[in-house]
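Chain residues, written in single-letter form:
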Amino acid sequence: MSGSVQALDEGALLDRVQARAGEGREILDAATREVIGRVPVQTVADLDRAVARASAAQPGWAACGHGRRSELLLAAAEAIEANAEPLAHLLSREQGKPLNGPNARFELGACAAWLRATANTVLDPEVLVDDETGYAELSYQPVGVVGAIGPWNWPLMIGIWQIAPSLRMGNTVVVKPSEHTPLSVLAMVSVLGDVLPDDVLVAVSGGREIGARLAAHPAIDKVMFTGSTATGRKVVEASAGNLARLTLELGGNDAGIVLPDADPKAIAEDLFWGAFINTGQTCAALKRLYVHDAIYEDVVTELAVVAAQTPMGRGLDENNVLGPLQNPQQLAVVSRLVEDARARGGRIVTGGAPAPELGELFYPVTIVADLDDGAPLVDEEQFGPALPVIRYHDVDDAVASANRLDVGLGASVWSSDRDQAREIAGRLQAGTVWINSHGGLHPMAPFGGVKSSGYGLEFGVEGLKSVAAPRVIHG
Ligand code: NAD
């Protein structure tokens, strides 16, 4: 820790975190496929040393107290802001998301906002009993060392969601970024390290074996995991060994239901961004849209109009607001699902095939009409820019369709009648339901999934509780 905020340029940030010349693994620009830099390839022994350092630092960090930790999180927000532009550039190249739109600069803004909100959230002790039967008070202590394992879609923002509450509650943190987007996370951790005490936040880069060891590590007390449901199950299995507490933010397949009284033109842009934010690579994005027959064609047409007006391309070009898929595996998933949809009679309204003229990993916004439940593009998580639009006649059927899958992260209802929309929202099985929007989050509103989308809550007071150990004192 230098104790003061430093503003670096992108090259200096990269130099801080890169492997030594000739070592490490190449990381490619998602849009151009040029080499950005080389990330260190760390070993399980490196991870063990990182956990040992975080364990040693934890008692001192806990002893700092809430006031000091909050001050340091506010300083961390300043450090992020001082380096927001170079971090956004690095994120844009590594992840693919454009600088503009709800993308890289927006993600850095969210990092600072969540750090501040977490610093300012108070979790007071709670008096449970205070009467002739006795006195009992509940307070929240640090759990110890938190392992933070992240995905590649919103690597910085999700990293802060895991790091900020953990630090706030007096835990130290070992971060394991996704192997697809390690450089930007390592750079962000390095910036945070300028203002935090040594070893309270340590990053280890590596692949699945590092994640698996971190989840199973005997000195890890809590795992914050965001990623796929399949990997989440492995994290649960690992927790049988170390009994680590878990917060699991897993995959989703969010449904939106458009009621017949909605105005297609008025809602088209919000529907579009609900589905295509971060080029569809977002956990709580609209992934299947159920539209009433009365306005079905109008909604499909209006979505295609917005798609035609929304520029896609290299993220560093200030005009673009949609980018490439982050990696070839995800491009293959999207291509397979759209090809299958076409083969089973889905109507490709716009898009429908990769766009190699933009670059190797580009896939245009794709709207597929006339699909039914059961089509893989409807039932599987596409995690990319292809939206199935499904026709319904009876809203009870749409609710049943929305609830029929074994995931439940988010959902939305679109209507000009708020009361009716709220009634339907109350029947949807999801951790968050939006009305006339999809995907917006607030640092004070708890976020988490149901069913196979995971368990545990992030954000606000509930988020602080989830990285703390409750202690009741009687008497
Ligand atoms: P992933 O599960 O492939 O990887 C996530 C992380 O887990 C990576 O850092 C990876 O290295 C690590 N990992 C791999 N094997 C592991 C193991 N055995 N033990 C511990 N860690 C291991 O997921 P991804 O492809 O990076 O992310 C995409 C998925 O994440 C999508 O399903 C998406 O819906 C979900 N997601 C959910 C949220 C949410 O908040 N619910 C947010 C973003 C992404």
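Under an unreviewed UniProt entry, the name given to the protein chain is Aldehyde dehydrogenase family protein, and the organism recorded is Myceligenerans pegani. The record in UniProt for the protein chain states the following under Sequence similarities (unreviewed entry): "Belongs to the aldehyde dehydrogenase family."

Peer 1: Even after reading the chapter, I still don't get the domain arrangement of the protein chain, so can you show me in this structure?
Peer 2: A common way to express how large an interface is: the accessible area buried when the components associate. For the protein chain, the assigned domains are domain 1 (10–250 + 453–474) and domain 2 (254–435). One C-alpha centre belongs to domain 1, the other to domain 2, and the line joining them spans 30 Å. Every contact between the two is made by 27 residues of domain 1 and, on the other side, 29 residues of domain 2. Between domain 1 and domain 2, a total of about 2300 Å² is buried, with carbon and sulfur atoms accounting for 55% of that surface. Where domain 1 meets domain 2, there are two salt bridges. R33 is the salt-bridge partner of E360, the closest N and O atoms lying 3.3 Å from each other. Inspection of the domain 1/domain 2 interface yields 12 residue pairs in polar contact (both at pLDDT 80 or more). When residues of the side of domain 1 that touches domain 2 are assigned to their parent elements, the largest contribution, five residues, is made by helix α3 (residues 84–95). Split by residue class, the side of domain 1 that touches domain 2 holds eight nonpolar, 12 polar and seven charged.

Peer 1: Looking at this structure, how should I read the pattern of salt bridges?
Peer 2: Scanning the model with the defined rule gives 29 salt bridges in all. Measuring nitrogen to oxygen at the nearest pair gives 2.8 Å for the salt bridge that ties D340 to R344. Among the residues examined, D340 registers a relative accessible area of 25% and is labelled partly exposed. Each member of the salt-bridge network shares a partner with another, and the members are D293, E297, R347, D370 and R391.

Peer 1: Help me understand the sheet that holds strand β6 (residues 172–176) in this model?
Peer 2: The strands making up a sheet associate through hydrogen bonds between their backbones, and the pairing can be parallel or antiparallel. Here five strands make up an open sheet; going across it, the order is β7-β6-β5-β8-β9 and the pairing parallel. Every interior strand has two partners, whereas the edge strands, β7 (201–203) and β9 (245–249), have only one. Strand-to-strand, the axes of this sheet are offset by a mean angle of 15 degrees, without reference to chain direction. Across three bridges, the pairing between β6 and β7 is parallel. In the strand pairing of β7, V174 is matched with V202. Sitting on the sheet, helix α2 (residues 44–82) is in contact with β5 (145–149), β6 and β7, with an inclination near 155 degrees to β6. The strands touched by helix α6 (residues 182–193) within the sheet are β6 and β7, with β7 carrying the most contacts at an inclination of about 155 degrees.

Scoring rules and cut-offs
Residues numbered from 1 in each chain as written. Predicted model: local features only at pLDDT ≥ 70, side-chain atom pairs only at ≥ 80, totals over all residues. Heavy atoms only, no water. UniProt positions renumbered as here; feature names shortened; annotations may be inferred. Domains from an automatic or database assignment. Contact = heavy atoms within 4.5 Å. Buried area = accessible area lost by both parts, 1.4 Å probe. Salt bridge = Lys/Arg side-chain N within 4 Å of Asp/Glu carboxyl O. Polar contact = N/O pair within 3.5 Å; in protein donor to acceptor, adjacent residues only side chain to side chain. Helix = DSSP H or I, 4+ residues; strand = E, 2+ residues; numbered from the N terminus. Nonpolar A, V, L, I, M, F, W, Y, C, P; charged D, E, K, R; others polar. Buried < 20%, exposed > 50% of the residue type's maximum accessible area, 1.4 Å probe, protein only. Pairing = 2+ DSSP bridges. Axes fitted to C-alpha atoms, helices over the stretch in contact; angles between N-to-C directions.

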